[in-house]
Amino acid sequence: MTTGSPEGPPPQWKDIHQSILSTLDALNASTSWIATAATVGIEPVFERVLQQVCGPAEVSPQAYIEHITRDTGMRREVQQRLSRLMENPKLVTMRREAQRREAEHQLHVLHYVLSGKQPPEWVWATIDEDQREQLREAAESGEERDDQLLPRVQRAIHKLEVTPGIYGLCEDCYAIILLERLQLVPWAECCAACQRKREGVPDQAPEPEVRVTYF
Ligand SMILES: [Zn+2]
C-alpha cells in the first residue's frame, strides 16, 4: 500500500477529502453513474471517485478509507454524500425496475419447478444448460409441488404482467415493501409488519432502514 513516498510530503488528507466530497456532490447533478449504481450498487461508483481523486494525489484509496475510518467527522460527511446519492429519484426508480425484472425472473423459475410449466423464452434463455437440467428434474419429479405457494406465485406473476406499478406495494397498507424482503420473498403480498398482522404474530421492532454500509 502506498501512502505517499516515505521521503515525500505527508498526504494532504483535508484537500483529498474535500475533493472527494465535491466530486460526490457533482455526481448528484449528472446521470452517468446511475445505471451502474442501479445494477451493481453504489460501491463501484464510489471506488471510481476514489481512484479519480487519490490517483493524482499519489495516495491509495485504501489509505484514504483507513484515514477517514479513524475520523468520525470525515466518515460521516462521506456517508451523507453516499446516502444522498442512493436517494436520487432516478436511481430509486431504476433500482425498483431492475428489481421487478429480477423478481419476475425468479418467480417464473419457481413457477416452473412448482407447476412443470416451462418459463417464457426470455427467462429460459438466461439459464445455462446445467441449471436447466436441474430445474427440469425438479419440475418433472413434482417433489417441489406446493399447493399453497403456487397460487401466490401465479398471482405475483400476474401482477407483474398486468399492473407492474403496484408490484412491490403492500396490499394492506400500500407502503413500499423493502427490496431485501422482495428478494427473499418475491411473491410477498404485503410488508413484513402487515404480514405479521395477517398471521396474528405480535409486532416486533420496526425493520431497519436500508443504509449505505460501506465502512
Ligand atoms: Zn403493510
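Since the model is a prediction, treat every value here as computed from it, not as a measurement.

On to the packing of aromatic side chains, then. Scanning all chains against the criterion turns up 2 aromatic pairs. Seen from their ring centres, Trp 13 and Tyr 64 are 6.3 Å apart, and the 40 degrees between their planes marks the pair as tilted. You can see Trp 13 sitting in helix 1 (residues 13-27) and its partner Tyr 64 sitting in helix 4 (residues 61-70), a full 51 residues away along the chain. The burial state of Trp 13 is the same as that of Tyr 64; both residues are buried. Here the aromatic rings of Tyr 112 and Trp 124 are separated by 5.4 Å at their centres, their planes lie at 85 degrees, and the arrangement is edge-to-face. Here Tyr 112 is found in helix 6 (residues 89-115), whereas its partner Trp 124 is found in helix 7 (residues 121-124), with 12 residues between them in sequence. Taking the relative accessible area as the measure of exposure, Trp 124 reaches 5% and is therefore buried. Positioned above the aromatic ring of Trp 122, the side-chain terminus of Arg 101 is 4.1 Å from the ring centre.

Turning our eyes to something else, we now look at the UniProt feature "domain: Zinc finger DksA/TraR C4-type" (unreviewed entry) in the protein chain. In the numbering adopted here, UniProt assigns the feature "domain: Zinc finger DksA/TraR C4-type" (unreviewed entry) to residues 165-199. Taken as a whole, residues 165-199 contains 40% helix and 0% strand, while its terminal C-alpha atoms sit 26 Å from one another.

Let us now look at the coordination of the zinc ion. Within the protein, the zinc ion binds to Cys 170 (SG), Cys 173 (SG), Cys 191 (SG) and Cys 194 (SG); these donor distances fall in the range 2.3 to 2.4 Å. Taken together, the 4 donor atoms coordinating the zinc ion and their angles of 104 to 116 degrees define a geometry best described as tetrahedral. Between consecutive donor residues of the zinc ion, the sequence gaps follow C-x2-C-x17-C-x2-C. Of this pair, Cys 170 sits in the loop between helix 9 (149-162) and helix 10 (179-184) while Cys 191 sits in the loop between helix 10 and helix 11 (192-199), and the two are 21 residues apart along the sequence. Both residues of the pair, Cys 170 and Cys 191, belong to the buried class.

Turning our eyes to something else, we now look at unusual backbone geometry. Residues other than glycine seldom take positive phi values, yet Glu 58 does so here, at roughly 60 degrees. Residue placement: Glu 58 occurs in the loop between helix 3 (43-57) and helix 4. For Tyr 174, which is not a glycine, the phi torsion comes out positive at approximately 65 degrees. Relative to the assigned elements, Tyr 174 resides in the loop between helix 9 and helix 10. Classification of Tyr 174 as exposed rests on a relative accessible area of 64%.

Parameters and conventions
- Residues numbered from 1 in each chain as written.
- Predicted model: local features only at pLDDT ≥ 70, side-chain atom pairs only at ≥ 80, totals over all residues.
- Heavy atoms only, no water.
- Phe/Tyr/Trp six-rings, centres within 6.5 Å; stacked < 30°, edge-to-face > 60°.
- Helix = DSSP H or I, 4+ residues; strand = E, 2+ residues; numbered from the N terminus.
- Buried < 20%, exposed > 50% of the residue type's maximum accessible area, 1.4 Å probe, protein only.
- Lys NZ or Arg CZ within 6 Å of the ring centre and 35° of its normal.
- UniProt positions renumbered as here; feature names shortened; annotations may be inferred.
- Donors = N, O, S within 2.8 Å, 3.2 Å for Na, K, Ca; no water.
- Tetrahedral: all angles 85-135°; square planar, octahedral: opposite > 155°, others 65-115°.

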